[in-house]
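Tertiary structure, described
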Amino acid sequence: MLHIFSGLDFWIGASLLLALFFVLAFEFINGFHDTANAVATVIYTKAMPPHLAVVMSGIFNFLGVLLGGVGVAYAIVHLLPVELLINVDTGQGLAMVFAMLTAAIAWNLGTWYFGIPASSSHTLIGSILGVGLANALLTDLPLRDGVNWNKAIDIGLSLVVSPLAGCLVAGCLLLLFKRWWPVSKMHKTPEQRREIDSKKHPPFWNRLVLVLSAMGVSFVHGSNDGQKGIGLIMLVLIGIVPAQFVLNEASTTYQINRTRDAATNLAAFYERNHATLDGYLGLSAPGSSEQVLPEHFRCDPKLTMPTIAALVDNLQGVVHYSDLPAENRIAIRRYLLCLDDTAKKAANIEGLQDADRQDLSRLRADLTATTEYAPLWVIVAVALALGLGTMVGWRRVVLTVGEKIGKQGMTYAQGMAAQLTAVGAIGMANVFSLPVSTTHVLSSGVAGTMIANKSGLHHSTVRTILLAWVLTLPASMLLSAALFWVGMMFAK
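Before going into details, it helps to say that this report is about the structure given with it. (Residues numbered from 1 in each chain as written. Predicted model: local features only at pLDDT ≥ 70, side-chain atom pairs only at ≥ 80, totals over all residues. Heavy atoms only, no water.)

The next subject is the overall build of the chain. When its secondary structure is counted, the chain shows 20 helices and zero strands. Once local pairs closer than 6 in sequence are excluded, the contacts in the chain between residues at least 24 apart make up 83%. Carbon and sulfur atoms make up 65% of the accessible area of the chain, which amounts to about 20,800 Å² in all. (Helix = DSSP H or I, 4+ residues; strand = E, 2+ residues; numbered from the N terminus. Contact = heavy atoms within 4.5 Å. Areas by Shrake-Rupley, 256 points an atom, 1.4 Å probe, with all protein chains shown as cover.)

In structure tokens, the structure reads:
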């Protein structure tokens, strides 16, 4: 890890160190901000002692980050438009990173202090969108080009649909529990269990399900939210020290050859689908394949064929990326990102067969195999920060989830229904590389069980949670945009 600081100017090295600290601080805060929701049910129902619950949750968060992959990480990264990702310089990278992180940390701390189950995912995504839009305004780009809106819409839908689905599914699951086991002790609250049965803990099988599902929530939370921290660190490293991190220097010769072959096969694919893609790629334009790439590189579909040619030429005979000069590695990443972006848009053109779309998807995966990665030390650092953060600060949110969402205390069955729903929803989001909010999925699941149980909702608490849900995105966008503008003024 320490080799990344070698050869850097003092102020760049210090800025890099500070930026990494900010990311890990965000993940630490995310740990005690979001993971309180993962252990809220198991603590409130007395299924586990609080300190054992948070320690076990921290361990499962750690494992979730280690084993979760990087799909969600790069879904976050690609919220920014490809033009910003390929042309960011050190000053702009510093302004971008500190604006996003300062806005996200400030909002997370504020909502945690007031015990509001707000979403770290919403906060981070709002901060990224704010930077993208502010960059568009500062560089005279159209606002439609300031953000990768297709990716933003996909993520926005996942953030909206997941809590609604969580509410519905958890409510239905509780109704099934009541139908299958109508007189079970699982339908008692911890207080009723103590008063009627003189028992402190849930019945054995209910307790087992509560404990296992809580650890499941912690694991999927780590794999989803931890990847957001991984994506942020990769943005930091690529923005501040691009020469070392634009490509995975641990890539094998086979992986490099596979990337080059993917580019060659992509050119053949485009020629094979000439009639369908000509209008988008300009394949019939005179001299299209012999065009020279401009000095100030931009992603232009009409330059796809010369971009492929330049990429293949740069990769010819390469055994290790570390053998290439820094400027060549940076150029290769630019070519790969642009080709991937163009291929993604080409896949949506009407007239392509489903089999062709699948081929294009496979080619995109091969193109990005050596750009979408994270070093092991990045994954371990984020896992440690998230895991340690889990072990502090949980008390404020536990009471809100357990008692203040519904007018009655939570029963064991409600806790199981909410947690099982959260595990399923967040696990599915991980499969499709979509970031979701653990906070909103679990809180809405609890609300769904309260409605199904006819317990009624504390309207003031629900209103506060909904207000935080509505305000988080615009507030974090405005704050990060303002901070980015200030940072760019200093960068000049």
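Let us keep going from here.
The subject of this paragraph is the state of the cysteines. Covalent bonding between the sulfur atoms of two cysteines defines a disulfide. Summed over all chains, the structure comprises one disulfide. Here Cys299 engages in a disulfide with Cys338; their sulfurs sit 1.8 Å apart. A torsion of -65° about the S-S bond marks the disulfide between Cys299 and Cys338 as left-handed. Linking Cys299 in the loop between helix H12 (274-281) and helix H13 (304-315) with Cys338 in helix H14 (residues 326-346), this pair joins segments that are 39 residues apart in sequence. (Disulfide = S-S within 2.5 Å.)

A pair can form between side chains of opposite charge whenever their charged atoms are brought close. Tallied over the entire structure, the rule returns eight salt bridges. The partner of Asp340 in a salt bridge is Arg364, with the nearest N and O atoms 2.7 Å apart. Of this pair, Asp340 sits in helix H14 while Arg364 sits in helix H15 (residues 354-367), and the two are 24 residues apart along the sequence. Residue class for Asp340 comes out buried when judged on its relative accessible area of 9%. Given the relative accessible area of 23%, Arg364 is considered partly exposed. (Salt bridge = Lys/Arg side-chain N within 4 Å of Asp/Glu carboxyl O. Buried < 20%, exposed > 50% of the residue type's maximum accessible area, 1.4 Å probe, protein only.)

Here we take up the side chain of Thr472. Turning to its location among the elements, Thr472 is positioned in helix H20 (residues 459-491). Engagement of the side chain of Thr472 in a polar contact is seen with the side chain of Trp107, the distance being 2.9 Å. (Polar contact = N/O pair within 3.5 Å; in protein donor to acceptor, adjacent residues only side chain to side chain.)

Time to look at unusual backbone geometry. Here the phi dihedral of Ser433 falls at roughly 55°; this positive angle occurs in a residue that is not glycine. By the element assignment, Ser433 lies in the loop between helix H18 (412-431) and helix H19 (438-452).

This paragraph deals with the nonpolar core. Counting 99 residues, the largest nonpolar core has Leu237, Tyr270, Ile308, Leu311 and Leu360 as its most contacted members. Setting aside residues up to four positions removed in sequence, Leu311 forms contacts with Ala263, Ile332, Tyr335, Leu336, Leu339 and Leu367. Counting 20 residues, the second-largest nonpolar core is a separate cluster that includes Val39, Val42, Val54 and Val211. (Core = buried A, V, L, I, M, F, W, Y, C linked by side-chain atoms within 4.5 Å.)

Okay, the packing of helix H11 (residues 253-272) against H15 next. Packing of H11 against H15 leaves a shortest axis separation of 8 Å and a crossing angle of 150°. Judged by the inter-axis angle, H11 sits roughly antiparallel to H15. Considering only the axes of H11 and H15, their crossing is left-handed. Side by side, H11 and H15 meet where Arg258, Thr259, Ala262, Ala263, Asn265, Leu266, Phe269 and Tyr270 of the first sit next to Asp356, Asp359, Leu360, Leu363, Asp366 and Leu367 of the second. Class assignment for the residues of the contact of H11 with H15 results in eight nonpolar, two polar and four charged. (Axes fitted to C-alpha atoms, helices over the stretch in contact; angles between N-to-C directions. Parallel < 35°, antiparallel > 145°, perpendicular 65-115°, else oblique. Left-handed = near helix turned anticlockwise from the far one by under 90°. Nonpolar A, V, L, I, M, F, W, Y, C, P; charged D, E, K, R; others polar.)

A cluster of nonpolar side chains, Phe28, Val55, Ile59, Leu63, Leu66, Leu67, Leu384, Leu388 and Met391, forms an exposed patch at the surface whose accessible area comes to about 730 Å². In terms of residue count, the dominant contributor to the nonpolar patch is helix H2 (residues 50-67) (five residues). Relative to the elements of secondary structure, Leu384 occurs in helix H16 (residues 376-390). Judged by its relative accessible area of 43%, Leu384 is partly exposed. (Patch = residues over 30% accessible without salt bridge, like charges linked within 9 Å, V, L, I, M, F, W, Y side chains within 5 Å.)

With that out of the way, let us pick up the environment of Ala104. Relative to the helices and strands, Ala104 is located in helix H5 (residues 90-113). Counting along the chain gives 21 residues from Ala104 to Ile125, while the straight-line C-alpha distance between them is 8.8 Å. When near neighbours in sequence (up to four residues on either side) are disregarded, Ala104 contacts Phe26, Thr123 and Ser127.

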